[in-house]
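Take a look at the letters that make up each chain.
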Amino acid sequence: MAEPTTNHHSQCPYCGVGCGLELLPPGEAGKAVKRDAEGTPMWSSRGDRDHPSSLGQVCIKGATVGETLARGRLNQPLYRASLDQDFQPIAWDQALDLLEGRIRSTLAGKGPQAIAMYGSGQFHTEDYYLAQKLLKGALGTNNFDANSRLCMSSAVAGYTRSLGSDGPPCCYEDLDQCAVAVLIGTNTAECHPVLFQRLLKRKKRDPKGLTIVVVDPRATDTSRIADHHLAIAPGTDLALLHGLARLIVQDNGFDSDFIDEATEGFAAYAKTIRTWTPAKVAALCGISEKELRQVARLWSRSQGVLSLWSMGVNQRREGTAVVSGIINLHLLTGQIGKPGAGPFSLTGQPNAMGGREAGGLAHLLPGYRLVSNPEHRSELERAWGLPEGSIQPTPGLTAWQQVEAMERGELDLWWVAATNPLVSMPNLERVKAAMTRCPMVVVSEAYADTETSHYAHLLLPAAQWSEKAGAMTNSERRVTFCPAFRPRHGTSRPDWEVFAELGRRLGFVEQFSYVSSAEVYAEFTALTAGRVCDMSGLSHQLLAQHGPQQWPFETGREPSNSSRRLYSDHRFPTSSGRARFHAEDPLGLAEPPCEMYPLVLCVGRYLGQWHTMTRTGKVERLRAMHPEPRLEMHPEDAARFCIEADGLAAISSRRGTLTARVTISERIRRGSVFLPMHWGFSQDNACEANALMHELACPVSKQPELKATAVVVAPAVSVVKPIEQDSRRLEALRRWLSPALR
Ligand SMILES: Nc1nc2c(c(=O)[nH]1)N[C@H]1C(S)=C(S)[C@@H](COP(=O)(O)OP(=O)(O)OC[C@H]3O[C@@H](n4cnc5c(=O)[nH]c(N)nc54)[C@H](O)[C@@H]3O)O[C@H]1N2
Ligand SMILES: Nc1nc2c(c(=O)[nH]1)N[C@H]1C(S)=C(S)[C@@H](COP(=O)(O)OP(=O)(O)OC[C@H]3O[C@@H](n4cnc5c(=O)[nH]c(N)nc54)[C@H](O)[C@@H]3O)O[C@H]1N2
Ligand code: SF4
Ligand SMILES: [Mo]
């Protein structure tokens, strides 16, 4: 199957809004050719007016993505037998020999459970799908997990528990049609900027028609436009949601027909919420009863309530319970499956949705299937031409469990692809130490000099978005074909090609003989037939020809631009066909503030930087927007801990200490401080926020509480640098960055 030819339209490779981009080659339309710092001509980008999700809009990251594509790339495989050696360049064949050898010896020795892969929502769907086929199918280990474990897994678990399946039921048109938008645990203005602008424009046009509620301990650019900002104490969301439910019931704002017809578990839920009186909730959340009552009344009286959430909800030790808590309110009021209403998780990464569809978490299989379900396993074993029993019946190791397995010396191969855990995982020193215990760490990366590369044995250069063809799905379930419009960098290869070649080398020749990613995609979409995420009618060809499409998209469906919702018939994919109320008591923070560590540190994002800065860190304009990481602190806390504005502070948790410059601001809640997640140890202004964070996680979703850890702050006299900054590892890797070798 040949790749379809297309013009240069694609989905933005940053956030899960999934805006359409139009890409322009260097010097397009008679303009002067712009070059990056290394002299390479740069592509430029602008909003694609024909993309139904974004209608021509982009934010500053999407608008500058062209500047990131060629700089600082890894261009050939590098290897060293042990971490104290320098990397040496090797050929791809040698690299794959090494990997194949390691896999074979591990299978013969400790067995498949000693192999694990940690992937990413920045894979294309084809990369994701073949990683599942390779690990869960061919190798017989479910040890594939993705950074979505740190991101969307509470949403996945919450949807699945409450509605019977994963899958955000809403669409972006709901932002234009809702009467009330409840933004809970999302800094939409900085993290999903194009959706925020859509809300903002509507608010300006029709201030009375749209009421905005923001629930966030901090005042953010998002809360600036709120009619009601509930600055709750960190980790008290579930109490708030139960408190709202109680008031809605008292106010007769519930939809008894919907509850009778389409739900189960209401009696237990009603009993639980009864105990959450307004006085108790207001005291616990640190808000006024009046505010609570106002928001409850809004929810009771309005047609069309849309809840939008992101990491302030998911990254909690009770993340799944909070997601179910949000869905409970929608079930209580029948606010789901109709225009302008529903629980709508804002996906973080550009293709975390595609990852979920392709089975990219340790408990999933492609097509929203579960490894624990015998029918699901045998469907895939048959489709993949593998003997019965090839797929293991128990979930594999989650991201953090992979770290623990390395600590115990149980992993012989850890393969990290398209994620940079030595910035983004919690408890970083523990992750580093664990990695030094693993005899072979492989990192598939587009760029040289990422933090994780410093602890790797084998580096594989990845062809990235723009250089490989594939599909991505955005938050509103819309799939966009992303063509290869630039040549591959150096000898880099798309991740799916590497997985396929390894599959063939390991003896699964039939299963992995693909000539194009279009073929991989066709195989994957066929497997979704009849599932909630049915996209059996989609192909690269159709998407390239007719533009982005929302699923469900069964075989034979006509392409269209109109938006759709799930569950408009009030039937849910549970065994009874009914959605389920969940009645859980709030637990609060896993590591609450105490006498020694009296402040709660929240770690989140800045508008102009993307995660670990491997891409956005290369754009001058974005660096200038946020020149350094800052600790945000309330004036009263600053006075209490003798911290001066713009002074240096030492921030310590049970796991370590770092320093950062301080911004004193009324916008943060007293008792809370905030740091950005972006600056890893290889950055000049290193600020390894995650060295301070703990890994304690939600027991259902296994998503760590990356939004809260207990810290203490003190004035600092000098900057504390990460140990790696004076180690020779940095030198060894940096040598590889000298232009002569690139
Ligand atoms: N500019 C930019 N945009 C991005 C990204 C990026 O790196 N940079 N990354 C993308 C990804 S992968 C993701 S997952 C999303 C994340 O998008 P968001 O979740 O919107 O971003 P964060 O800054 O991580 O956290 C959101 C908010 O949660 C609040 N919060 C903290 N604790 C609590 C709490 O207990 N309750 C409530 N209600 N709120 C709380 C924080 O104060 C913060 O404002 O952004 C995506 N978009
Ligand atoms: N404390 C705290 N920690 C957090 C968070 C938080 O809010 N607070 N957020 C969490 C969340 S939600 C997320 S999503 C994670 C994000 O954390 P990471 O996933 O670690 O962040 P990225 O920088 O996006 O890493 C992606 C890597 O893939 C590389 N890459 C890009 N394209 C390709 C490709 O096609 N193939 C390959 N092989 N590599 C490629 C990039 O260069 C980059 O190094 O961080 C998590 N960590
Ligand atoms: S809002 Fe997200 S998807 Fe859209 S241009 Fe910005 S980063 Fe890209
Ligand atoms: Mo994320």
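Residues numbered from 1 in each chain as written. Chains lettered and ligands numbered in written order. Predicted model: local features only at pLDDT ≥ 70, side-chain atom pairs only at ≥ 80, totals over all residues. Heavy atoms only, no water.

1. With respect to the pattern of salt bridges
Line of reasoning, step 1. Inspection of the entire model under this criterion finds 43 salt bridges.
Line of reasoning, step 2. As a salt-bridge pair, Glu67 and Arg621 come within 3.8 Å of each other at their nearest N and O atoms. Placement of Glu67 in the loop between α1 (60-64) and β4 (78-79) and of Arg621 in helix α23 (residues 620-625) is noted, with a sequence separation of 554 residues between them.
Line of reasoning, step 3. Residues Arg149 and Asp145 are paired through a salt bridge, measuring 2.8 Å at the closest nitrogen-oxygen approach.
Line of reasoning, step 4. Exposure remark for Arg149: the relative accessible area of 3% places this residue in the buried category.
Line of reasoning, step 5. On the accessibility criterion, Asp145 (0% relative accessible area) is buried.
Line of reasoning, step 6. When salt bridges that share partners are traced, they join Asp93, Asp97, Glu100, Arg104, Arg493, Glu501 and Arg505 into one network. (Salt bridge = Lys/Arg side-chain N within 4 Å of Asp/Glu carboxyl O. Helix = DSSP H or I, 4+ residues; strand = E, 2+ residues; numbered from the N terminus. Buried < 20%, exposed > 50% of the residue type's maximum accessible area, 1.4 Å probe, protein only.)

2. Things to note about the site of ligand 2
Line of reasoning, step 1. With respect to spatial proximity, 32 residues lie near ligand 2, and among them Gln122, Ser424, Glu445, Thr612 and Asn690 are the closest.
Line of reasoning, step 2. Here Ala418 contributes a backbone N or O atom positioned 3.3 Å from an oxygen atom of ligand 2.
Line of reasoning, step 3. Here an oxygen atom of ligand 2 sits 2.6 Å away from a polar atom, N or O, in the side chain of Thr612.
Line of reasoning, step 4. Calculation on ligand 2 without its partners gives an accessible area of 920 Å², and the protein chains cover 99% of this total.
Line of reasoning, step 5. Put simply, ligand 2 lies in the largest cavity.
Line of reasoning, step 6. In the shell around ligand 2, the residues fall into 13 nonpolar, 14 polar and five charged. (Near = heavy atom within 4 Å. Polar contact = N/O pair within 3.5 Å; in protein donor to acceptor, adjacent residues only side chain to side chain. Areas by Shrake-Rupley, 256 points an atom, 1.4 Å probe, with all protein chains shown as cover. 1 Å grid on protein atoms, 1.4 Å probe; cavity = no way out; pocket = protein on both sides within 12 Å on 5 of 7 lines; lining within 4 Å. Sits in = over half its atoms within 2 Å of the grid points. Nonpolar A, V, L, I, M, F, W, Y, C, P; charged D, E, K, R; others polar.)

3. Observations regarding empty space enclosed by the protein
Line of reasoning, step 1. Taken as a whole and judged by the stated rule, the model has seven cavities of 30 Å³ or more.
Line of reasoning, step 2. The residue makeup of the lining of the largest cavity, split by class, is 19 nonpolar, 15 polar and six charged.
Line of reasoning, step 3. Counting contributing residues per domain, the lining of the largest cavity is built from domain 2 (78-146 + 350-468 + 489-515) and domain 4 (599-726), each supplying no fewer than three.
Line of reasoning, step 4. Looking at the second largest cavity, its volume works out to about 530 Å³.
Line of reasoning, step 5. Lining the second largest cavity are 36 residues, with Gly185, Asn187, Met311, Gly312 and Lys707 positioned closest to its centre.
Line of reasoning, step 6. Residue assignment for the lining of the second largest cavity shows that the elements contributing at least two residues are α6 (188-191), α13 (311-314), β23 (599-604) and β27 (672-676).
Line of reasoning, step 7. For the lining of the second largest cavity, the per-class residue count stands at 16 nonpolar, 12 polar and eight charged. (Points joined across faces, edges and corners; volume = space filled by probe spheres on them. Domains from an automatic or database assignment.)

4. Notes on the packing of helix α3 (residues 125-139) against helix α21 (residues 517-526)
Line of reasoning, step 1. Remark: α3 packs on α21, axes separated minimally by 9 Å, with the N-to-C direction vectors making an angle of 65°. When the axis of α3 is compared with that of α21, the two are roughly perpendicular. When you trace α3 past α21, the crossing you get is left-handed. Packed against α3, whose contacting residues are Thr125, Glu126, Tyr129, Leu130 and Lys133, the element α21 presents Ser517, Val520, Tyr521, Glu523 and Phe524 at the interface.
Line of reasoning, step 2. Considering only residue class, the contact of α3 with α21 consists of five nonpolar, two polar and three charged. (Axes fitted to C-alpha atoms, helices over the stretch in contact; angles between N-to-C directions. Parallel < 35°, antiparallel > 145°, perpendicular 65-115°, else oblique. Left-handed = near helix turned anticlockwise from the far one by under 90°. Contact = heavy atoms within 4.5 Å.)

5. Structural notes on the packing of helix α11 (residues 278-285) against helix α12 (residues 289-301)
Line of reasoning, step 1. Close contact between α11 and α12 brings their axes to 9 Å; oriented N to C, the two are set at 115°. Regarding the angle of α11 to α12, the classification is roughly perpendicular. Considering only the axes of α11 and α12, their crossing is right-handed. When α11 is examined against α12, the residues Pro278, Ala279, Val281 and Ala282 are found in contact with a partner set consisting of Glu289, Leu292 and Arg293.
Line of reasoning, step 2. Broken down by class, the residue content of the contact of α11 with α12 amounts to five nonpolar, no polar and two charged.

6. Re helix α8 (residues 237-250)
Line of reasoning, step 1. Helix length check: α8 (14 residues) gives 20 Å between terminal C-alpha atoms against 20 Å at 1.5 Å per residue, within 8%.
Line of reasoning, step 2. The buried fraction of α8 amounts to 12 of the 14 residues, a majority that puts the element mostly inside the structure.
Line of reasoning, step 3. Within α8, the full set of buried residues consists of Asp237, Leu238, Ala239, Leu240, Leu241, His242, Gly243, Leu244, Ala245, Arg246, Leu247 and Ile248.
Line of reasoning, step 4. Downstream of α8 by one or two residues, Asn252 has phi in the positive range, about 60°. (Expected span 1.5 Å × (residues − 1).)

7. Brief notes about the domain arrangement of the protein chain
Interface size is often expressed as the accessible area that is lost when the parts come together.
Line of reasoning, step 1. Per the domain assignment, the segments making up the protein chain are domain 1 (8-68), domain 2 (78-146 + 350-468 + 489-515), domain 3 (153-345) and domain 4 (599-726).
Line of reasoning, step 2. For domain 1 versus domain 3, the separation of C-alpha centres amounts to 34 Å.
Line of reasoning, step 3. Taken together, the contacts link 11 residues of domain 1 with nine residues of domain 3.
Line of reasoning, step 4. Here domain 1 meets domain 3 over a buried area of about 710 Å², counting both sides, of which 65% is carbon and sulfur.
Line of reasoning, step 5. On the domain 1 side of the interface with domain 3, the three residues burying the most area are Val17, Ser53 and Gln57, jointly 51% of the side's total.
Line of reasoning, step 6. Seen at the junction of domain 1 and domain 3, the total is zero salt bridges.
Line of reasoning, step 7. Along the contact surface separating domain 1 from domain 3 lie two residue pairs in polar contact (both at pLDDT 80 or more).
Line of reasoning, step 8. Its residues placed into classes, the side of domain 1 that touches domain 3 shows six nonpolar, four polar and one charged. (Buried area = accessible area lost by both parts, 1.4 Å probe.)

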